[in-house]
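Structural overview for review
The primary structure of each chain is shown beneath.
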Amino acid sequence: MALAWVGALVLLFSHLGEVPLRDWDEGLVARVAEEISLRPFPGQLLPTLWGDHYLNKPPLIHGLIAAAIQLWRSSHGPEVSRQVPPEWLIRAVPAFCSSLIVPLVALVQWRLRPGDRLAAVCTAAVTLTLLPLMRHGRLAMLDGSLIAAMTLQWWALLSLPHQPRAAEQRTWGVVAGLAGSAMLLIKAPTALPLLLGACLLLARERRWPLQRWWPLLGWIAVGLLPGVFWHSWHFLERGPEALSMWGGQGFARIVNAVEGHRDGVIVPVVEVLEGGWPWLALWPIAIIAALRQRHERWGYWALGLTLLTAAAVLPLRTQLPWYSHLLWPAFAVSVGPLFAQLIRRPNEQPIWLARALKWLPCFWMIAGALLLTLQGELNLPATITTPAGLALVVGGGLLMRPQSRQRRLGAAALVLLLWLALLGLFSSQLWLWELQENWSALEVRSGIKAQPQALARAPVLLLQQDERPSLNWYLGQELISGRKGRRDIRNGEAQRLVLSFDNPTNDRLSCQLVHKATTAKPQAPDLFRCQPS
């Protein structure tokens, strides 16, 4: 498990700062963190965005990034005080928190299957090679840290023995509560439903009488105090608007499609179908096995955690691709033991399971052969497609062998080569493919900074599009955009610098091209200096 954690750290930190921050979340997180780093205690505990109250998410991860920025500034001296902190620094804290998912999911498996070291190691290996978890864990976003806190909470609750002593209730109850506090300070609305659901699953096991629950619940409440205190203070300082973290940014997403994200349950289903390979082929078998073993602890919790996280994600009317990340820890807990059985091939397996696991490596071999055959048509570097294809061919071939030693070698080859494929992806600039959906903020920033005289005469910039938080971050100022920007252009009451794809000249405003954007695709907006006619 320690080796898997090191592998996760290498994946998550490899070439971390070689692509710009992504819109929207990374630009917002970076700016909020920087403003926190510039404010004294305790005012820094109440986050702001461009000087206004920031009411989107609680500030735990932003605050940790702010601490990293302060450390970076103090170690580099005053010459960096006016520089934009590098991308790797902004992403480092979320990446480290996300790396903890790998050992924590393995520890959850260890509690469910005590003594089954191979199942725990296989669960860590599955988690390590899940593309969605590793890719989004590299971003300055909150989801990886949220999943790490959720998994820590599961491990704490599952660590309670059959007849817990008072000291054990205190230790694991406080740990579970502190994990809940972390969730309250990362994405508040998810914390209490997930904690309640995990406690209900534990209660339904009926491992101890009802009266033993009260001390445990008390210690969980003690662990929740930091999160509860911050939200209470936030409400006292900012009044009813503080509730938007729970309402408009939280529970409203269950009943309304916020900002047009109305695709519903299709989004998480597609994300799982796209991102779970090659382990997705094991998942239906794992669910059937869990159903047959639902009266045993692993089967009960594999099904329970799958249903719990699905209930937290699928009903949302507002769906974004990273919301489905809550599903992956339960996925790994379900699939890990089946991967172990694929290696072990125990004699007492049911016939249906033995036959299913017998043919699965053959399926992987066929898929790998197709990938190697068609890799020239995929427009992907060979450093990605070759290890991935070889992983399925070599790993699948060795997993079909009758000798246990060769099957273990095949499993190791499968995981190692998949890891190398992910490393190849993250060493390229292709891993953040959303950047290809819009023009580069860095190119536009360079063009603007190259016009100091124009900036001196007209320091206000307008973007005749929707907001680009990453461009705001790189420029160090908030651009007027969207409806407000278009209204300002129509009024034409003052001199402006305008970023636009077309010349914004109108009856009230005369505009002159100052800087032509590059011809790179997608085309970036040009810079115009506009003044009243």
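You'll find the structure just up there.
Heads up: these notes are all about the structure in this document. Note that this is a predicted model, so its numbers are computed, not measured.

Our focus in this paragraph is the sheet that holds strand β4 (residues 480–481). Taking strand neighbours across the sheet as the criterion, the five strands line up as β4-β3-β5-β7-β6 in an open arrangement whose pairing is mixed. Two strands bound the open sheet, and with one partner strand each, they are β4 and β6 (509–515). Of the pairings in the sheet, the one linking strand β3 (residues 461–463) to β4 comprises two bridges and is parallel in character. Counted as the bridge partner of L462 is I480 from β4.

What the rule picks out here adds up to 14 salt bridges. The partner of D23 in a salt bridge is R468, with the nearest N and O atoms 2.3 Å apart. Highlighted residues: D23 in the loop between α1 (2–13) and α2 (25–37) and R468 in the loop between β3 and α22 (469–475), separated in sequence by 445 residues. Taking relative accessible area as the criterion, D23 reaches 21% and is therefore assigned partly exposed. Ionic pairing is found between E34 and R31, a salt bridge with its closest N-O pair at 3.2 Å. You can see E34 and its partner R31 sitting in helix α2, three residues apart, about one turn around the helix. Both residues of the pair, E34 and R31, belong to the buried class. One salt-bridge network, held together by shared partners, links R31, E34, E35 and R73.

Moving on, we come to the pairing of strand β7 (residues 526–532). In terms of residue burial, β7 counts as a mostly covered element, since five of its seven residues are buried. By the bridge criterion, five bridges tie strand β5 (residues 496–500) to β7 in an arrangement that is antiparallel. Note on β7: the bridge partner recorded for L499 is L527. Summarising the sheet, β6 and β7 pair through six bridges and their orientation is antiparallel. Looking at the pairing, Q512 lines up with R529 of β7.

Cut-offs used in this document
- Residues numbered from 1 in each chain as written.
- Predicted model: local features only at pLDDT ≥ 70, side-chain atom pairs only at ≥ 80, totals over all residues.
- Heavy atoms only, no water.
- Pairing = 2+ DSSP bridges.
- Helix = DSSP H or I, 4+ residues; strand = E, 2+ residues; numbered from the N terminus.
- Salt bridge = Lys/Arg side-chain N within 4 Å of Asp/Glu carboxyl O.
- Buried < 20%, exposed > 50% of the residue type's maximum accessible area, 1.4 Å probe, protein only.

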